[in-house]
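Remarks on the overall topology
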Amino acid sequence: MNEIAANVLKGEPRSIARLISYAENGDVKASKAMKEIHFSTGKAHVVGITGVMGGGKSTLICEITREFRKKGKKVGIIAIDPTSPFSGGALLGDRVRMMELTMDKGVFIRSMGTRGMLGGLTSAVYDVVEILDASGKDIILIETVGVGQAEVDVIKIADTTLVVLVPGLGDSIQAIKAGVMEIADIFIINKADKSGVDQTVAEVESLVDLECSNKERRTPVIKTIAKENNGITEVINRIEEHKKYLKISKEFDIKRKKRYEAELVEIIRKRLMNFIFDESKFKDGIELLIDQIYNKEIDPYSAADKILGKILK
Amino acid sequence: MNKKIRVLIAKPGLDGHDRGAKIVARALRNAGMEVIYTGLHQTAEMIVETAIQEDVDVIGLSLLSGAHMTLFTDVTKLLKEKNIEDIIVLGGGIIPEQDIPKLKKEGITGVFGPGTHTEEIIEFIHKNVKS
């Protein structure tokens, strides 16, 4: 077996970290190890945490992790922050709220930039979930970038999705309900010591009434004050209840297959993009075509046919 | 392949002055790097553990309390103990001139005091990180 893959299976932190980097960078060393570790994955329960910016997602993750640790579960955390589309750099600051987890050997935290992906995730997140799963983590928590209206990709990868809201959003719940409000398996109203909490809970509950009227399971709405560890046990209980529900209702199989579909599509997409844009023979051709489009010598559709023709034949 | 330089910016010990660290963090981000910021009051053990999990190329330590001789070298000693040789350690803050050679001897490759232009740090990182 590949050395780095073998060390990941043993749960060795430096190998886990290095393989994640290889996957992020699209290094050829990644795919070799990824091929081997897949057969040791599938045990971890993946929880996505998404919601408004400043909603306390990092603090919640810290508290949820501590609660799972009390039960002896090993936890992997993937904290995603936006990459600047201009500089390509990123400031990854989610660890500030998770400092007390740093020295816990049963916790592995990795901060990631979105690196050009929209939807609240990053392209390598599927690989990182597989790596953490293979390394023996029981729970994997994914913190997405703060959402607006379209960052709903987390459901492609999470078994259980938590949507975090705070009191006082008022009508903005209406604004974000399309999409973001539909992906929740559990709603969390964090910072429940703030005024307006009852109104927010009532609004969310009424949305849930509409959404879940003909469904088997009603999406729970939980109040928490993460920084005081208030309501966290309820969150853990609900995650475990949802996990059981997935197994009984067979929804688990559907979700997992959807995740692998998304992962497969992402691998193919990345390879094709690299093939088209990184191979120099194509790159020169593309620049020439752009000039021709600009000079009205060719239209963009015919130019695309030309490039794809080379690959598809 | 598309490798990004990853940098951990950390404040060891009991020092609450993080303006400089944050400015450097932002400058490195604007230079296209991924910067992990961990906040205040880090122990050497926490810094090294974070550097391992985040697989960083560079650790930037910032300290204005005067305890740099102990706290900076605690980090490099721990890295050596764990056989981690591929991470560059930089130091910044109020560092007296006469301490700089001693720090460099202890493995703090670059020391940047007040008035350093952020471009200088960026250039240093680009020059010293293997791509």
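As a reminder, the structure under discussion sits directly above these lines.
What counts, and at which threshold
- Residues numbered from 1 in each chain as written.
- Chains lettered and ligands numbered in written order.
- Predicted model: local features only at pLDDT ≥ 70, side-chain atom pairs only at ≥ 80, totals over all residues.
- Heavy atoms only, no water.
- Phe/Tyr/Trp six-rings, centres within 6.5 Å; stacked < 30°, edge-to-face > 60°.
- Helix = DSSP H or I, 4+ residues; strand = E, 2+ residues; numbered from the N terminus.
- Buried < 20%, exposed > 50% of the residue type's maximum accessible area, 1.4 Å probe, protein only.
- Lys NZ or Arg CZ within 6 Å of the ring centre and 35° of its normal.
- Contact = heavy atoms within 4.5 Å.
- Polar contact = N/O pair within 3.5 Å; in protein donor to acceptor, adjacent residues only side chain to side chain.
- Axes fitted to C-alpha atoms, helices over the stretch in contact; angles between N-to-C directions.
- Parallel < 35°, antiparallel > 145°, perpendicular 65-115°, else oblique.
- Left-handed = near helix turned anticlockwise from the far one by under 90°.
- Nonpolar A, V, L, I, M, F, W, Y, C, P; charged D, E, K, R; others polar.
- Pairing = 2+ DSSP bridges.
- Right-handed = clockwise from strand over helix to strand, strands pointing away.
- Buried area = accessible area lost by both parts, 1.4 Å probe.
- Salt bridge = Lys/Arg side-chain N within 4 Å of Asp/Glu carboxyl O.

1. Let's talk about the packing of aromatic side chains
Within this structure, the stated rule accounts for 1 aromatic pair over all chains. Ring centres of Phe-112 of chain B and Phe-124 of chain B lie 5.5 Å apart, and the angle between their planes is 80 degrees; this geometry places the pair in the edge-to-face category. Here Phe-112 of chain B, found in strand 5 (residues 108–112), pairs with Phe-124 of chain B, found in helix 5 (residues 118–128); they are 12 residues apart in sequence, far enough to count as distant. The class of Phe-112 of chain B is buried, set by a relative accessible area of 11%. Between Arg-217 of chain A and the ring centre of Tyr-245 of chain A, over which it is positioned, the NZ or CZ distance is 5.7 Å. One residue, Lys-247 of chain A, lies across the ring of Phe-252 of chain A, its end atom 4.7 Å from the ring centre.

2. Some thoughts on the environment of Ser-123 of chain A
Residues and elements named next belong to chain A. You can see Ser-123 is positioned in the loop between strand 4 (107–113) and helix 5 (125–134). Considered as a pair, Ser-123 and Glu-24 are 99 residues apart in the sequence and their alpha carbons are 7.7 Å apart. Not counting chain neighbours up to four residues away, the residues in contact with Ser-123 comprise Thr-114, Met-117, Glu-266, Arg-269 and Lys-270. A polar contact of 3.2 Å, which involves the side chain of Ser-123, links it to the side chain of Lys-270.

3. Points about the packing of helix 2 (residues 44–54) of chain B against helix 3 (residues 68–81) of chain B
The description of two packed helices rests on the angle between their axes and on the distance between the axes. Residues and elements named next belong to chain B. The contact between helix 2 and helix 3 brings their axes to 9 Å, and the two run at 50 degrees. As summarised for this structure, helix 2 and helix 3 are arranged oblique, according to the angle between their axes. The hand of the helix 2/helix 3 crossing is right-handed. Across the interface between the two elements, Ala-44, Glu-45, Ile-47 and Val-48 from helix 2 touch Asp-74, Val-75, Leu-78 and Leu-79 from helix 3. A per-class count over the contact of helix 2 with helix 3 returns 6 nonpolar, no polar and 2 charged.

4. Quick look at the sheet that holds strand 3 (residues 58–63) of chain B
The strand order 3(A)-2(B)-1(B)-3(B)-4(B)-5(B) describes an open sheet built from 6 strands, whose pairing is parallel. Strands with a single pairing partner mark the edges of an open sheet, and in this sheet they are strand 3 (90–92) of chain A together with strand 5 of chain B. Within the sheet, the average angular offset between the axes of one strand and its neighbour, ignoring direction, is 20 degrees. Sheet topology places strand 3 of chain B next to strand 4 (residues 88–93) of chain B; 6 bridges connect them, and they run parallel.

5. Here we look at the pairing of strand 5 of chain B
Residue and element names in this part refer to chain B. The buried fraction of strand 5 amounts to 4 of the 5 residues, a majority that puts the element mostly inside the structure. Two elements, strand 4 and strand 5, share 4 bridges in a ladder whose sense is parallel. Looking at strand 5, one finds that Leu-90 is bridged to Gly-110. Viewed along the sheet, the connection from strand 4 through helix 4 (residues 100–105) into strand 5 turns out right-handed.

6. Observations regarding the interface of chain A and chain B
Contacts between the two partners involve 30 residues from chain A, matched on the other side by 31 residues from chain B. Carbon and sulfur atoms make up 49% of the area that chain A and chain B hide from each other, which totals about 2600 Å². Counting across the interface, chain A meets chain B through 7 salt bridges. Of the charged contacts in the structure, one is a salt bridge between Glu-24 of chain A and Arg-6 of chain B, with a shortest N-O distance of 3.7 Å. The interface formed by chain A and chain B contains 19 residue pairs in polar contact (both at pLDDT 80 or more). Only helix 2 (13–25), strand 3 and strand 4 of chain A provide two or more residues apiece to the side of chain A that touches chain B. Here the element with the most residues in the side of chain A that touches chain B is helix 2 of chain A; it accounts for 7 residues. When the residues that make up the side of chain A that touches chain B are grouped by side-chain class, the tally is 11 nonpolar, 11 polar and 8 charged. Across 3 bridges, strand 3 of chain A lies against strand 2 (residues 34–37) of chain B in parallel orientation.

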